[in-house]
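The residues making up each chain are set out below.
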Amino acid sequence: MRVSLLSENLQNKILFLNHAISTRSQLPILLNFLIEAKKGKLTISATDLEIGISTEIPAKIEKEGSVAVPAKTFIELTGTILLDKITLEATEEGLVLTGEKTNTIFQTAPAEDFPKLYEEKGEEILTLKKEAIANDFSKVVFAASSDSERPALSGVLIKEEKEGFLLVATDGYRLSLKKHALKNVQKTKSKDPVSLIVPSRVIRELIQMEKDTGGSDVAVHASAEKNQIVFSASDTTLVGRLIEAEFPNYEKIIPTDFSTKTVFNKE
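As the structure is a prediction and not an experimental result, all values here were calculated from the model. (Residues numbered from 1 in each chain as written. Predicted model: local features only at pLDDT ≥ 70, side-chain atom pairs only at ≥ 80, totals over all residues. Heavy atoms only, no water.)

This brings us to helix H4 (residues 200-212). Each full turn of the α-helix corresponds to 3.6 residues, which orients residues three or four apart in the same direction. Here H4 contains 13 residues, and its C-alpha end-to-end distance of 19 Å stays within 8% of the 18 Å for a straight helix at 1.5 Å per residue. Taken residue by residue, H4 has Ser-200, Val-202, Ile-203, Glu-205, Leu-206, Ile-207, Met-209 and Glu-210 as its buried positions. (Helix = DSSP H or I, 4+ residues; strand = E, 2+ residues; numbered from the N terminus. Expected span 1.5 Å × (residues − 1). Buried < 20%, exposed > 50% of the residue type's maximum accessible area, 1.4 Å probe, protein only.)

For the rest of this paragraph, the subject is the packing of helix H1 (residues 7-17) against helix H2 (residues 71-78). Across the interface, H1 lies against H2 with an axial gap of 10 Å and an inter-helix angle of 140°. Classified by the interaxial angle, the pair formed by H1 and H2 is oblique. You can see that H1 and H2 cross each other, and the crossing is left-handed. Touching Leu-10, Gln-11, Ile-14 and Leu-15 of H1 are Phe-74, Ile-75 and Thr-78, all from H2. Considered class by class, the residues forming the contact of H1 with H2 number five nonpolar, two polar and no charged. (Axes fitted to C-alpha atoms, helices over the stretch in contact; angles between N-to-C directions. Parallel < 35°, antiparallel > 145°, perpendicular 65-115°, else oblique. Left-handed = near helix turned anticlockwise from the far one by under 90°. Contact = heavy atoms within 4.5 Å. Nonpolar A, V, L, I, M, F, W, Y, C, P; charged D, E, K, R; others polar.)

The subject of this paragraph is the sheet that holds strand E4 (residues 51-57). The nine strands lie next to each other as E6-E2-E3-E4-E18-E17-E16-E10-E14, forming an open sheet whose pairing is antiparallel. A single partner strand is all that each edge strand has here, and the edge strands are strand E6 (65-70) and strand E14 (186-187). Pairing of strand E16 (residues 218-223) with strand E17 (residues 228-232) involves five bridges; the strand directions are antiparallel. Its bridge partner lying in E17, Ser-223 is registered against Gln-228. Against the sheet, H1 makes contact with strand E2 (32-38), strand E3 (41-47), E4 and strand E18 (236-241), and its axis sits at roughly 175° relative to E4, the strand it touches most. Packed on one face of the sheet, H2 meets E2 and E6 and runs near 90° to E6. (Pairing = 2+ DSSP bridges.)

Everything listed here is a matter of geometry and, on its own, says nothing about what the molecule does.
Encoded structure:
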């Protein structure tokens with residue numbers, strides 16, 4: 001493998017990829033980035049088996065190939081490189097990074113040991129507009145629980161209704177619900193009503209991905225068989241596992257009458 005690229009393009013993507021790197025993994029390969037140069041594209045991937053992220057980076061592919069490199073040291077070094085053209089080349093000694101004032105060799109691991117982010121994307125069910133991601137999800141995801149022992153409460157319910165979509169999250173003490181959410185969403189091939197529980201961590205990464213990709217639309221694929229959800233933007237893909245649990249009956253939690261009601265001017 002041998003590729004040439006601008007360090008700026010690499011630095012713009014690498015920090016978001018780091019969100020998927022495991023810090024306490026018993027599998028050493030999960031502490032690595034997978035770097036692939038194939039079909040004229042340079043793709044870097046990371047996963048901790050709960051979420052996975054891959055992104056394409058503009059580059060000149062001189063020789064195809066793939067290799068895994070330690071994520072922490074790769075981030076630390078590439079973050080210090082001034083804006084410059086760099087070359088990445090896989091050799092018997094490791095991955096050689098060469099720049100105008102830089103020459104470094106990274107230890108590598110076999111690319112074959114790196115787990116696939118997904119076998120197939122599954123059925124495309126939605127196309128999310130950037131406004132829906134930035135505005136709607138941020139208004140509910142904060143209420144989700146961080147307790148993994150109660151799986152249903154650690155996710156955000158996305159439910160299709162006649163009036164549009166409903167987003168709900170609760171940790172058992174507070175609840176955030178948004179009706180008529182995801183406006184201008186484009187429903188694609190799926191005819192069945194959408195009802196998914198997506199881990200709150202995946203939703204938070206989706207919000208960040210929307211910022212990093214410049215606000216492009218996001219295609220959503222879901223596979224009940226593989227129990228996964230895939231969000232694909234212009235050059236970045238986010239993969240997560242769906243939560244298989246029954247979401248609490250949120251309608252019973254919301255009071256139907258009040259002893260006192262106050263109306264405020266929003267502004």
